[in-house]
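# Descriptive analysis of the structure
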Amino acid sequence: MSISSNSESGSGARAYGPLYTVQDSAPAPAKTPDELLTPDIKFVRVQWIDLINTTRYRVLPVSYFRRLYADPGATRAGISLSKVVFGIVGLQTAPGFGAVGEYLYVPDLSSWRVCTYAPGHASVMGWFQETVPRPGKGLAVDLCPRTLLQRIEREAQEKAGVSFLVGVESEFILVSATTPEPVFVNNADWSASAKMRTGSVETAVLEEIAQCLLDAGVELQMYHAEAAPGQYEVVTGPLTPLAAADTLVFTRETIYNVANKHGLRATFAPRLHMDSCGSGAHAHVSVHGPPTAPRAADAACAPTLTPTERSFLQGILGHLPGICALTLPTAASYARVADGIWSGGTYACWGTSNREVPVRLCGPPGHRHFEVKSVDATATPHLAIAALIGSGLAGILDGALLGVSDCPKPVPEMTTEERVMLGVSSALRLPRTIVDARKALSTDERLNSVLGEDFVDTYIRVNETLEKFMRGKNEKETIRKLIEYF
């Protein structure tokens, strides 16, 4: 995807591909309940996503959903949910969570989507709020993933005058059985027509997923066969961060549900084949803001990027080890990211059209964007995007100078002299386990200040519980749990 930004173009080269702006991609204003509740809608899924990327919802008949808004001047619309909601992992609870306390979950009507994969249903995301205001903090709940992302998005505008667009690639695998071994629907190559033969169940699933997304108003750019057995990819267009995260939740729900309708299971598990490709959720991010004055100090590192973009990039690279705790949040995530397998590698660096670096510079000069490859679909979308743009925003606000130059080839293939010349010799290494990622997050003071220390502390406790929960008695059981949970 090409996303219009403020990159500097020194070549005069003509842009290519569709160009996106924040104005074109911003969500439409919220409609009223009466406008949204058309006669074909019978049920509303009041939906949320937690800290371990579990999508949950309560189904309300339209008659009761209307009652929530019967007297908006006197009462807040919403449903009550126990405060344990952010600490539930399977049938376990993370340390620090218990049976006491309730939130009010308030629907955000701007997130409304008709569930085209479930006739008669619509879904709506919302905000976790305190039932009564807290002194000095009001109603906001710091653990709410949507609240966190919205706060960072607003701070970017208020403190730096910048906005972001985010698009995501959704890679997944279709299986017809999970026990005693996973049974993949086919085994053919990347983009091969053999993976989408007319009349096959997988082709019917892909076509229905595509049509459901289009009918729901999601911009589908393309879908295609990926390289691993039974693997496919769905690419949707860029949106502002909160809308992008909400849309990604809807996209995954569409994929899960359509596959299930046809007797298959879709899984976003990071890597099921050690001799083939894993499944990622690469995030494409562009930075938009007013022109900035030239900055000579790091211009040579990336001459086609603006100073703002260079600081944003350095913010991500400088905090990437800690970011990984939120973008690669499971033990299985680290089987997908390694050097030499086109998954981004293990050095915190970047490169133009280089698939062996964690941040790939994409698009024509003047319309650049960053593809972050160190993300998979076990991550909660709102938290992954918050960590990325929050770190990039910190780089902008701190005036961070880009310390690594454009890497023209994989770092392991570089000589010592090349690494020194490009600044890679001092580049951070990415964590190789989720334990190392949590340590990096806990010790990254700047990233803690961006996300909030209380949030980070709670997230780490919940993530530790998730790691234990996902660990099977043996490798086969662990893989089965991955497929069934993600």
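Everything below is about the structure shown above.
Each value, and the rule that gives it
- Residues numbered from 1 in each chain as written.
- Predicted model: local features only at pLDDT ≥ 70, side-chain atom pairs only at ≥ 80, totals over all residues.
- Heavy atoms only, no water.
- Salt bridge = Lys/Arg side-chain N within 4 Å of Asp/Glu carboxyl O.
- Helix = DSSP H or I, 4+ residues; strand = E, 2+ residues; numbered from the N terminus.
- Buried < 20%, exposed > 50% of the residue type's maximum accessible area, 1.4 Å probe, protein only.
- Expected span 1.5 Å × (residues − 1).
- Contact = heavy atoms within 4.5 Å.
- Pairing = 2+ DSSP bridges.
- Axes fitted to C-alpha atoms, helices over the stretch in contact; angles between N-to-C directions.
- Parallel < 35°, antiparallel > 145°, perpendicular 65-115°, else oblique.
- Left-handed = near helix turned anticlockwise from the far one by under 90°.
- Nonpolar A, V, L, I, M, F, W, Y, C, P; charged D, E, K, R; others polar.

## Things to note about the pattern of salt bridges
- Applying the stated criterion to the full structure yields 19 salt bridges.
- Across the salt bridge formed by R446 and D398, the nearest N and O atoms sit 2.9 Å from each other. Of this pair, R446 sits in helix α12 (residues 445-451) while D398 sits in helix α9 (residues 381-398); the two residues are 48 residues apart in sequence, bridging distant segments of the chain.
- R446 sits in the partly exposed class, given a relative accessible area of 29%.
- Residue R480 is joined to E484 by a salt bridge in which the shortest nitrogen-to-oxygen separation is 3.0 Å. With R480 and E484 both in helix α14 (residues 475-485), this residue pair falls four residues apart, about one helical turn.

## Some thoughts on helix α5 (residues 201-215)
- Under the 1.5 Å per step criterion, the end-to-end length of α5 is 21 Å for 15 residues, consistent within 8% with the ideal 21 Å.
- Three or more residues of α5 are buried, namely E202, T203, V205, L206, E208, I209, A210, C212 and L213.
- Elements that come into contact with the buried residues of α5 comprise β11 (163-177), β13 (220-225), β14 (231-236) and α6 (241-261).
- A positive backbone phi angle near 85 degrees is found at G217, which sits one or two residues after α5.

## Let's talk about the pairing of strand β16 (residues 283-288)
- For β16, the buried fraction is high: six of the six residues fall into the buried class.
- Residues A283, V285 and V287 point to one face of β16 and H284, S286 and H288 to the other, with burial holding for every one of them.
- As defined by bridge partners, β11 adjoins β16 across six bridges and the pair is classed as antiparallel. For L165, the partnering residue across the bridge sits in β16 and is S286.
- With three bridges connecting them, β16 and strand β19 (residues 369-372) associate as antiparallel partners. Along β19, the bridge assignment pairs A283 with V372.

## A few points about the pairing of strand β1 (residues 43-49)
- Counting buried positions over the seven residues of β1 gives six, a clear majority of the element.
- Relative to strand β8 (residues 121-124), β1 runs parallel, the two being bridged by four bridges. Bridge pairing in β8 links V44 to A122.
- Of the strand pairs in this sheet, β1 and strand β2 (residues 55-61) are connected by seven bridges, and their pairing is antiparallel. Along β2, the bridge assignment pairs R45 with V59.

## Points about unusual backbone geometry
- Of note, the amide linkage connecting T179 to P180 takes the cis form, showing an omega dihedral of -5 degrees.
- For P180, the location among the structural elements is in the loop between β11 and β12 (183-184).
- One non-glycine residue, N53, adopts positive backbone phi at about 65 degrees.
- Within the secondary structure, N53 is located in the loop between β1 and β2.
- Take N53: its relative accessible area is 12%, and that puts it in the buried class.
- Its identity as a non-glycine residue notwithstanding, S353 has a phi of 55 degrees, on the positive side.
- Following the sequence through the fold, S353 ends up in the loop between β17 (350-352) and β18 (359-362).

## Some remarks on helix α7 (residues 307-327)
- The terminal C-alpha atoms of α7, which comprises 21 residues, lie only 26 Å apart, well short of the 30 Å expected from a rise of 1.5 Å per residue.
- In terms of burial, α7 is a largely internal element, 20 of the 21 residues being buried.

## Some thoughts on the packing of helix α4 (residues 145-160) against α9
- Relative orientation of the contacting elements α4 and α9 amounts to 20 degrees, with a least axis distance of 9 Å. The orientation of α4 relative to α9 falls into the category roughly parallel. As α4 packs across α9, the resulting crossing turns out to be left-handed. Contacts between α4 and α9 pair P145, R146, L148, L149, I152, E155, A156, K159 and A160 from the former with H382, L383, I385, A386, I389, G390, L393, I396 and L397 from the latter.
- Its residues placed into classes, the contact of α4 with α9 shows 13 nonpolar, two polar and three charged.

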